[in-house]
Amino acid sequence: ERQIRAQLRRGLGDVERESSEASEEDARYSGGLIKALVGVRLQILKTNRALIQQRIHAIESGAKIEIVALGTKPDPERAAQLEEEIRRQRTKVADARAKADQYVGGLVDALAETTVATAEQTLAMLEQQYLVAKYGLAFPSPASASADEVAKAPTQRDEGQPKKCLSIGDFDSSVLDANDVFTELAWKADIKNSCNRDFLVEVRFVVYDKDEFELDSDSVTIAVPPSGVGKARGKMLVSPPEKARRMARQGVQIEALR
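Residues numbered from 1 in each chain as written. Predicted model: local features only at pLDDT ≥ 70, side-chain atom pairs only at ≥ 80, totals over all residues. Heavy atoms only, no water.

A. Structural view of the packing of helix H1 (residues 2-27) against helix H4 (residues 106-135). Contact geometry of H1 with H4 gives a least axis separation of 13 Å together with a crossing angle of 160 degrees. Looking at the two axes, H1 sits roughly antiparallel to H4. The element H1 and its partner H4 pack so that their crossing is left-handed. Here Ile4, Gln7, Leu8, Glu18 and Glu25 of H1 lie close against H4, whose contacting residues are Glu120, Glu127, Lys134 and Tyr135. Class assignment for the residues of the contact of H1 with H4 results in three nonpolar, one polar and five charged. (Axes fitted to C-alpha atoms, helices over the stretch in contact; angles between N-to-C directions. Helix = DSSP H or I, 4+ residues; strand = E, 2+ residues; numbered from the N terminus. Parallel < 35°, antiparallel > 145°, perpendicular 65-115°, else oblique. Left-handed = near helix turned anticlockwise from the far one by under 90°. Contact = heavy atoms within 4.5 Å. Nonpolar A, V, L, I, M, F, W, Y, C, P; charged D, E, K, R; others polar.)

B. How the structure looks around the packing of aromatic side chains. Tallying each qualifying case throughout the model produces one aromatic pair. For the ring pair Trp187 and Phe205, a centre distance of 5.1 Å and an interplane angle of 10 degrees mean the geometry is stacked. Here Phe205 lies in strand S3 (residues 199-208) and Trp187 lies in strand S2 (residues 183-193), a separation of 18 residues in the sequence. Under the relative-accessibility criterion, Trp187 is labelled buried at 1%. The ring of Phe199 carries Arg197 above its face, with NZ or CZ at 4.0 Å from the centroid. It is Arg249 that lies over the ring of Tyr208; its NZ or CZ is 4.3 Å from the centre. (Phe/Tyr/Trp six-rings, centres within 6.5 Å; stacked < 30°, edge-to-face > 60°. Buried < 20%, exposed > 50% of the residue type's maximum accessible area, 1.4 Å probe, protein only. Lys NZ or Arg CZ within 6 Å of the ring centre and 35° of its normal.)

C. Focus on the environment of Gln129. If you trace the backbone, Gln129 turns up in helix H4. On a C-alpha basis, the gap between Gln129 and Asn48 in space is 9.3 Å, while along the polypeptide they are 81 residues apart.

D. The arrangement of the sheet that holds strand S5 (residues 229-238) in detail. One open sheet accounts for three strands, arranged S1-S2-S5; its pairing is antiparallel. In this open sheet, the two strands that pair with only one neighbour each are strand S1 (166-178) and S5. Adjacent strand axes in the sheet meet at a mean angle of 15 degrees when their direction is disregarded. Bridge analysis of S1 against S2 gives ten bridges, and the strand direction is antiparallel. Looking across to S2, one finds that Ser174 is bridged to Ala186. (Pairing = 2+ DSSP bridges.)

E. Inspection of the pattern of salt bridges at higher detail. Applying the stated criterion across every chain, the model contains 17 salt bridges. For Arg78, the salt bridge is made with Glu85, and the minimal N-O distance between the two is 3.9 Å. Glu85 sits in the partly exposed class, given a relative accessible area of 24%. A salt bridge links Asp211 to Lys210; the shortest N-O distance between them is 3.6 Å. A residue is classified by how much of its surface remains accessible, and Asp211, at 57% relative accessible area, is exposed. With a relative accessible area of 67%, Lys210 lands in the exposed category. (Salt bridge = Lys/Arg side-chain N within 4 Å of Asp/Glu carboxyl O.)

F. Quick look at the nonpolar core. Counting residues in each nonpolar core, the largest one holds 21 residues, and the members touching the most others are Trp187, Val203, Ile222, Ala232 and Met236. Those elements that provide at least two residues to this core are S2, S3, strand S4 (214-224) and S5. Top element by residues in this core is S3. It accounts for five residues. Apart from the residues lying within four places of it in its own chain, the contact partners of Trp187 are Asp172, Ser173, Val203, Phe205, Asp218, Val220, Ala232, Arg233, Gly234, Lys235 and Met236. Among the nonpolar cores identified, the runner-up in size contains ten residues, and Ala79, Ile86, Val93 and Ala119 belong to it. (Core = buried A, V, L, I, M, F, W, Y, C linked by side-chain atoms within 4.5 Å.)

Below is the structure:
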């Protein structure tokens, strides 16, 4: 327990640092998409902090931890998989930040900052799932719920199936640059979630020619909140120019990763 408590305290320090950074970033914006994305990330981090504090307090007070129907139990194999996903996602965040720092103002800068915010939001959700798998942390349920209500309450695992919950909303693209080497496209897609649970979704943006042949594609992973909309944003280079001139249609494909 002392070892677990030490690990949790280190994790709590990391979450508090990320929460402070997210709060500072949130304060820089007065509205718009980036502020909304940062706001969601901030709320996820606050939940992560509360979950860790809950387990630390339980250990320090000697409270007995019981695994019940709505709770979770540690899943070391899943935790190891998530740890690897987190490492890859942190690399994506760093790469997105490096690209965003190349621009100052304008549409390209706004799209780049949106990409950073989306990547950071996904990282926060991966870290939350890691805490659940690593330490068996569980989201609290209302204390007033009766035994029958608890027994009937759906778990996050079985509440909604991706095919029934997720749908593709608006999507579009615009040309940022075109030259003798490549055409740069900025694209966006909104993914709607009709269920009361979150999803981690890979969004793939595809461009086709007039014969429905796939010319090129780009993909990002985003978090889609419960009963909300996840906003996928990306940039892609279509090369050579002959391929770009054949573009006739665009589409979006989605796959729920969790």
